Amino acid sequence: MDRPLCIDGHTQLVGLLGYPVEHSLSPAMQNAAFAAAGLNWCYVPLPVAPVAVKEAVFGLPALGFRGANVTIPHKQVVMPYLDAVSEEAQAIGAANVLVFKDGRRLGYNVDGMGFLTALTSLGVRVRGLRALVLGAGGSARAVVYTLARNGAAVMLLNRTQERAESLVESLRPRLMDEPMGSSLLKSGPLTREVVAEVASGIDLVVNTTPLGMSPHEQGNPWPADVPFPRQAVAYDLIYAPRETSFLRLAKAAGAQTLNGLPMLVYQGAHSFELWTGQPAPVETMYAAVLEGSIQG
Ligand code: NAP
C-alpha cells in the first residue's frame, strides 16, 4: 500500500487457496501488512478448482511458497494432505492456514482465534459466559468450539436442528478436560419459541448465519417480536454491511454490538504471525480491509 509492490528473487510467497477468490479482502490486507512490516513478501490469490486441490497443496511448497490461507470450498478437503494439524484444526475439522516448513505441510485453524481476539478486545470475559449461537455451519463450528474451550456455556440453535445436534455431539469429546466438560454444550431448533425462552438469561448472541448479508440486507436471524436482551453483546460474523439488521435491532435495545470485520482482521493477523514469526501490524490490516470493503 505505502510503496509499489516490487517482486524480486528474494520475495517470499504466500497465497489464498479457494474457489472463487477474486472478491477476497485478504490480498490487500496481507500485502499492506508485509509492506508495513518492511518484509519482502507477497500474498497472491490462487483460484484452485476442486479437482486440483491435492496438486496445489503439494505443489505450493515445491514452488517455494511459505504458506497459504485456505477458504471455501477447500478448508476441509486439504486436511488429509497435511503432515500435522493443530488441535483447533483437528476439532473444527478444517484448516484455514497452511505453513510450509522444513519439508512439512502444517495446518492450523485461526477462525476461532480471530473470533475470540475480536471479542476479548471489547473487554468481554469469556469464561462463565452464557452464549447463544445462531446457525450451525462451518463458521459456527469454530465459534462453538472456541467459546466452549474457553469456558463459555453454549446453546446452539439452527434451522436444521439435526445439524446443530450433530455439531454439538462431535465437539463433546474434545471438551472432556474442561472443568465443566461437555455439559457446556446444548442445541435446539432456531425457532421464535426457543429464542424467547432462553433470551433473558444470555450474555452473548452470535449470528453465524448469512441472514442480513449484502445484498439481502433485510434478513435477520433474531425473531422480530422477541425483545433483544440489552445486557447481552450482539456479535454478527457478517462484515458487509457493517451494521446488519440484527446489530441494528440489538443496538436499539441498548446492547453492545460487534460486526465481523475485527474477526476477519484478527484471523489475518494470526495467519501473518504463523508465517512470519513477527507481530502483525493490526492497525494497518484493519485500515486495508476498511478501504477494500468501501471499494468493494
Ligand atoms: P455455512 O457453512 O453455509 O452455514 C450457514 C448456516 O446458516 C447454516 O447453519 C444454515 O442453516 C444457516 N442458514 C442459512 N440460511 C438460513 C436461513 N434463511 N434461515 C435460517 N438459517 C439459515 O456458512 P458459514 O461458512 O458458516 O458462514 C456464515 C456467515 O459467516 C457468512 O455470512 C460468512 O460471510 C460469515 N463469516 C465471517 C467470517 C469473518 O471473518 N468475519 C468468517 C467466516 C464466516 P441450515 O443448516 O439449516 O442450512
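Residues numbered from 1 in each chain as written. Predicted model: local features only at pLDDT ≥ 70, side-chain atom pairs only at ≥ 80, totals over all residues. Heavy atoms only, no water.

Peer 1: Looking at this structure, how should I read the layout of surface pockets?
Peer 2: Where empty space is left can be seen by rolling a probe of water-molecule size over the atoms. Considered as a void within the structure, the largest pocket measures approximately 1,600 Å³ in volume. Lining the largest pocket are 47 residues, with Thr71, Ile72, Met213, Tyr239 and Leu264 positioned closest to its centre. Those elements giving two or more residues to the lining of the largest pocket turn out to be helix H1 (26–36), strand S2 (41–47), strand S3 (67–70), helix H5 (138–149), helix H9 (261–276) and helix H10 (282–295). Ranked by the residues each element gives to the lining of the largest pocket, the list is headed by H5, at four residues. For the lining of the largest pocket, the class distribution of residues is 23 nonpolar, 20 polar and four charged. (1 Å grid on protein atoms, 1.4 Å probe; cavity = no way out; pocket = protein on both sides within 12 Å on 5 of 7 lines; lining within 4 Å. Points joined across faces, edges and corners; volume = space filled by probe spheres on them. Helix = DSSP H or I, 4+ residues; strand = E, 2+ residues; numbered from the N terminus. Nonpolar A, V, L, I, M, F, W, Y, C, P; charged D, E, K, R; others polar.)

Peer 1: Explain the pairing of strand S11 (residues 233–236) to me, please; I cannot follow it from the model alone.
Peer 2: The side chains of a regular strand alternate, first on one face of the sheet and then on the other. Residues Val233 and Tyr235 of S11 are buried on one face, and the alternating residues Ala234 and Asp236, pointing to the opposite face, are buried as well. Bridging between S11 and strand S12 (residues 256–258) involves three bridges; their strand directions are parallel. Pairing of Tyr235 across the sheet is with Leu258, part of S12. (Buried < 20%, exposed > 50% of the residue type's maximum accessible area, 1.4 Å probe, protein only. Pairing = 2+ DSSP bridges.)

Peer 1: What's the story with unusual backbone geometry in this structure? I'm lost.
Peer 2: When glycine is set aside, most residues are seen to have a negative phi, and most peptide bonds are trans. The omega torsion across Ser214 and Pro215 is 5°, close enough to zero to call that bond cis. Following the sequence through the fold, Pro215 ends up in the loop between strand S10 (204–207) and S11. Residue Pro241 is bonded to the preceding Ala240 through a cis peptide linkage, with omega at 5°. Topologically, Pro241 is positioned in the loop between S11 and helix H8 (245–252). A positive phi is found at Asp102, a non-glycine position, where the angle reads about 50°. Structurally, Asp102 is set in the loop between strand S5 (97–101) and strand S6 (104–108). Note on Asp102: relative accessible area 74%, which makes it exposed.

Peer 1: Where do I start with the domain arrangement of the chain in this structure?
Peer 2: Often, the extent of an interface is quoted as the loss of accessible area on bringing the components together. One can read the domain layout of the chain as domain 1 (12–109 + 267–295) and domain 2 (113–259). Look at where the C-alpha atoms of domain 1 and domain 2 centre, and you get two points 26 Å apart. Contact with domain 1, which involves twelve residues of that partner, is made by eleven residues of domain 2. Broken down residue by residue, the surface that domain 1 buries against domain 2 is led by Ala91, Ile92 and His270, which jointly contribute 48%. With a shortest N-O distance of 2.9 Å, Glu87 and Arg149 are connected by a salt bridge. Summed over the shared surface of domain 1 and domain 2, the result is five residue pairs in polar contact (both at pLDDT 80 or more). Of all the secondary structure elements, the ones that give two or more residues to the side of domain 1 that touches domain 2 are helix H3 (87–92), H9 and H10. With five residues, the top contributor of residues to the side of domain 1 that touches domain 2 is H3. Each residue belonging to the side of domain 1 that touches domain 2 can be placed in one class, and the counts come to five nonpolar, five polar and two charged. (Domains from an automatic or database assignment. Contact = heavy atoms within 4.5 Å. Buried area = accessible area lost by both parts, 1.4 Å probe. Salt bridge = Lys/Arg side-chain N within 4 Å of Asp/Glu carboxyl O. Polar contact = N/O pair within 3.5 Å; in protein donor to acceptor, adjacent residues only side chain to side chain.)

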